[in-house]
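Here are the chains, one letter per residue:
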Amino acid sequence: MPADIPGIHHVTAIGSDPRRNLEFYTETLGLRLVKRSVNQDDVSVYHLFYGDRGGNPGTSMTFFPYPDARQGQVGTGQASAVAFLIPDGAVDFWTDRLVDAGVDADEPRDRFGDTVIPFRDPDGLPLELVARADAPAGDPPEGPVSDEHAIRGFFGVTLSLSTADPTEGVLETMGYAETDSDGSRRRYESDGELGYVVDICEEPQAPRGQPGAGTVHHVAFRTTADDQPEWRTVLQGEGLRPTEIIDRKWFESVYVREHGGVLFEFATKEPGYTVDEDLESLGERLVLPEWLESRRDEIEAGLPDLSLD
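Quick caveat: nothing in here was measured; it's all calculated off a predicted structure.

Helices and strands together make up the secondary structure of the protein chain, namely five helices and 17 strands. For 309 residues, the compact-globule estimate of 2.2 N^0.38 gives 19 Å, and the protein chain sits close to it at 18 Å. Overall, the protein chain is about 50 × 45 × 35 Å in size when its C-alpha atoms are taken along their principal axes. Relative to its full complement of 309 residues, the protein chain shows a buried share of 58%. Sequence-distant contacts in the protein chain: of pairs separated by 6 or more residues, those separated by 24 or more amount to 67%. With the model as given, the accessible surface of the protein chain reaches about 12900 Å², and the carbon-plus-sulfur share is 43%. Measuring between centres, the 27 positive side-chain charges of the protein chain sit 3 Å from its 59 negative side-chain charges.

Residues of helix H1 (residues 18–28) that are buried include every one of Pro18, Asn21, Leu22, Phe24, Tyr25, Thr26 and Thr28, and no others. Packing partners of the buried residues in H1 comprise strand E2 (32–39), strand E3 (42–51), strand E4 (60–65), helix H2 (91–100), strand E8 (114–120) and strand E9 (126–132). N-capping of H1 is provided by Asp17, with a side-chain oxygen placed 2.9 Å from the backbone N of Arg19. Note on H1: the residue one or two positions beyond its end, Gly30, has a positive phi of about 80 degrees.

The next point concerns the environment of Leu48. For Leu48, the location among the structural elements is in strand E3. In this structure Leu48 comes out as buried when scored by relative accessible area, which is 0%. Between the alpha carbons of Leu48 and Asn21 there is a distance of 9.0 Å; along the sequence they are 27 residues apart. The contacts of Leu48, once residues within four sequence positions are left out, are Pro18, Asn21, Leu33, Lys35, Arg36, Met61, Thr62, Phe63, Pro65 and Leu306.

All right, on to the pattern of salt bridges then. Scanning all chains against the criterion turns up 21 salt bridges. When the shortest N-O distance is used, the salt bridge between Lys35 and Asp276 registers 2.6 Å. Placement of the pair is Lys35 in strand E2 and Asp276 in the loop between strand E17 (263–268) and helix H5 (296–301), with a sequence separation of 241 residues. With respect to burial, Lys35 and Asp276 carry one shared label: buried.

Think of a sheet as strands paired side by side through backbone hydrogen bonds, with each pair either parallel or antiparallel. Read across the open sheet, the eight strands follow the order E2-E3-E4-E1-E14-E17-E16-E15; overall the sheet is mixed. Of all strands in the sheet, those with a lone pairing partner are E2 and strand E15 (246–247), marking the two edges. Relative to E4, strand E1 (residues 8–15) is paired through six bridges, and the arrangement is parallel. Across the sheet, residue Ile14 finds its bridge partner in E4, namely Phe64.

Note the cis peptide between Glu270 and Pro271, where omega equals 5 degrees. Mapped onto the elements, Pro271 comes out in the loop between E17 and H5. You will see that Phe112, though not glycine, has its phi angle at about 55 degrees, which is positive. A positive phi angle, close to 80 degrees, is found at Lys249, a residue other than glycine. Locating Lys249 in the fold gives a position in the loop between E15 and strand E16 (252–257).

Reading the values: the criteria
- Residues numbered from 1 in each chain as written.
- Predicted model: local features only at pLDDT ≥ 70, side-chain atom pairs only at ≥ 80, totals over all residues.
- Heavy atoms only, no water.
- Helix = DSSP H or I, 4+ residues; strand = E, 2+ residues; numbered from the N terminus.
- Rg over C-alpha atoms; globule rule 2.2 N^0.38 Å.
- Buried < 20%, exposed > 50% of the residue type's maximum accessible area, 1.4 Å probe, protein only.
- Contact = heavy atoms within 4.5 Å.
- Areas by Shrake-Rupley, 256 points an atom, 1.4 Å probe, with all protein chains shown as cover.
- Lys, Arg positive; Asp, Glu negative; His and termini not counted.
- Charge placed at Lys NZ, Arg CZ, Asp CG, Glu CD.
- Polar contact = N/O pair within 3.5 Å; in protein donor to acceptor, adjacent residues only side chain to side chain.
- Salt bridge = Lys/Arg side-chain N within 4 Å of Asp/Glu carboxyl O.
- Pairing = 2+ DSSP bridges.

Here is the structure:
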């Protein structure tokens, strides 16, 4: 068996207006734009990567912002919420900050002993801030949020499923263990420091999720290059159909749609976002993988301006 999965590598979602997306995630949430590229399957659309100072695995939220995207519907077969980790002393700061920024946010609530602030991004994507005393110091970026209050990375994701058992079996194979439950919500945890929580909500009466702006496209989990081929074999043994290993330039990926319909990715840590840019200049220019570089002029001409006023 390959080594257990320690947690989330990145989460990719669908947005609409790319400049609004950039402004929200960098200026409101204080994340750093660590990679400015394109959707390798549709080069007319940006792929924007946000994270800590270096975009380390476990911190990277990424987006395909389609300017003409239709609104999606959050429902079963999707990750229905993405949770970020903040220090336990930062709740008041973030509650006030979201209100001051006019963000659609709910009052803080308790979940399994943690304070959780639910809110939505400008496209309606459900997000959460989870305050924990054991939040690591991490490597926050310079920006509008001080290190004291900064988002550290992912806490986890919530999966909405019409039937939970098959997905729970896959998570257990990945090394997650059930640690708590409350009604229809069951918590699974790995032993990583970031992105180590997957909550499953079994909602048989909920509508099926529909892709579009404001929905998660896929959840990527951390693995190693050595273990990745073994994970393909394990996933096949679970009755799933993983892709071949795909070179994404900054990591290698295997994709699989698990039994409940959620698209999982198994992504490697290396080579990382600094393979083609210096740490200090991450995200400042459009970066393309080598196989798209010959089309740079065409690609740049088809992309909207990303500069913020």
